[in-house]
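So you can see what is in the structure, the chains are spelled out below.
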Amino acid sequence: ETYDDVDVRRAQRVLGEWKLDVFEDRRFGSLSDGEQKRVQIARSVMTDPELLLLDEPAASLDLGAREELLQLMGGYASAPTAPAIVMVTHHVEEIPLGFTHALLLADGEVQEAGVLSEVITSENLSTAFGLPLTVWSEAGRYSARAV
């Protein structure tokens, strides 16, 4: 295929924003899992979506790749031009900065929904998972542990 110069410049800009510009000439299959996931998100962002759906984007990533992805997603989510983003995760540690609301599901039903800080609580997660959990937030990021 051939692409207009404006499309090539946009692709190069998006690759830079997602820290992928150094991989511009590499084949997708030669990239690490974390790099591939960032490419997939950057590819989705290229079209200026009104809604971005992400299903466990940090799954299978090592700690470094996960944190890099979450930093990039948090920056993107915080931008005034960002689309609405719906992200599925099973780990509260994977909720990036910039996300504002949560929907907590258990047994296929909505348990809680609303502002992130009101949904991601020890009480709500303990009820949803059926075991006592402690949830805390540090610098806007969440963690949870069994009591």
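Residues numbered from 1 in each chain as written. Predicted model: local features only at pLDDT ≥ 70, side-chain atom pairs only at ≥ 80, totals over all residues. Heavy atoms only, no water.

K.L.:
Break down unusual backbone geometry for me, with residues and values.
P.N.:
Of note in this structure, glutamate 56 is not a glycine but carries a positive phi near 50 degrees. Relative to the helices and strands, glutamate 56 is located in the loop between β1 (51–55) and α3 (63–78). Residue glutamate 56 is classed as partly exposed on the basis of its relative accessible area, which comes to 25%. Despite not being glycine, alanine 139 has its phi angle at roughly 55 degrees, a positive value. As for its placement among the helices and strands, alanine 139 is situated in the loop between β5 (133–138) and β6 (141–146). The exposed category is assigned to alanine 139, whose relative accessible area is 70%. (Helix = DSSP H or I, 4+ residues; strand = E, 2+ residues; numbered from the N terminus. Buried < 20%, exposed > 50% of the residue type's maximum accessible area, 1.4 Å probe, protein only.)

K.L.:
Summarise the packing of aromatic side chains; cite the residues concerned and give the values.
P.N.:
The full count for this structure, using the stated rule, is 1 aromatic pair. Taken together, a centroid distance of 5.6 Å and an interplanar angle of 55 degrees make the contact between tryptophan 18 and tyrosine 76 tilted. Taken together, the positions of tryptophan 18 in the loop between α1 (5–17) and α2 (33–45) and tyrosine 76 in helix α3 put the pair 58 residues apart, joining distant regions of the chain. With respect to class, tryptophan 18 is no different from tyrosine 76; both count as buried. (Phe/Tyr/Trp six-rings, centres within 6.5 Å; stacked < 30°, edge-to-face > 60°.)

K.L.:
Report on a nonpolar patch on the surface, specifying residues and quantitative values.
P.N.:
Taken together, the side chains of Leu51, Leu53 and Val86 make up a nonpolar region of the molecular surface, amounting to roughly 290 Å² of accessible area. Tracing the chain through its elements places leucine 53 in strand β1. Judged by relative accessible area, which is 60%, leucine 53 ranks as exposed. (Patch = residues over 30% accessible without salt bridge, like charges linked within 9 Å, V, L, I, M, F, W, Y side chains within 5 Å. Areas by Shrake-Rupley, 256 points an atom, 1.4 Å probe, with all protein chains shown as cover. Salt bridge = Lys/Arg side-chain N within 4 Å of Asp/Glu carboxyl O.)

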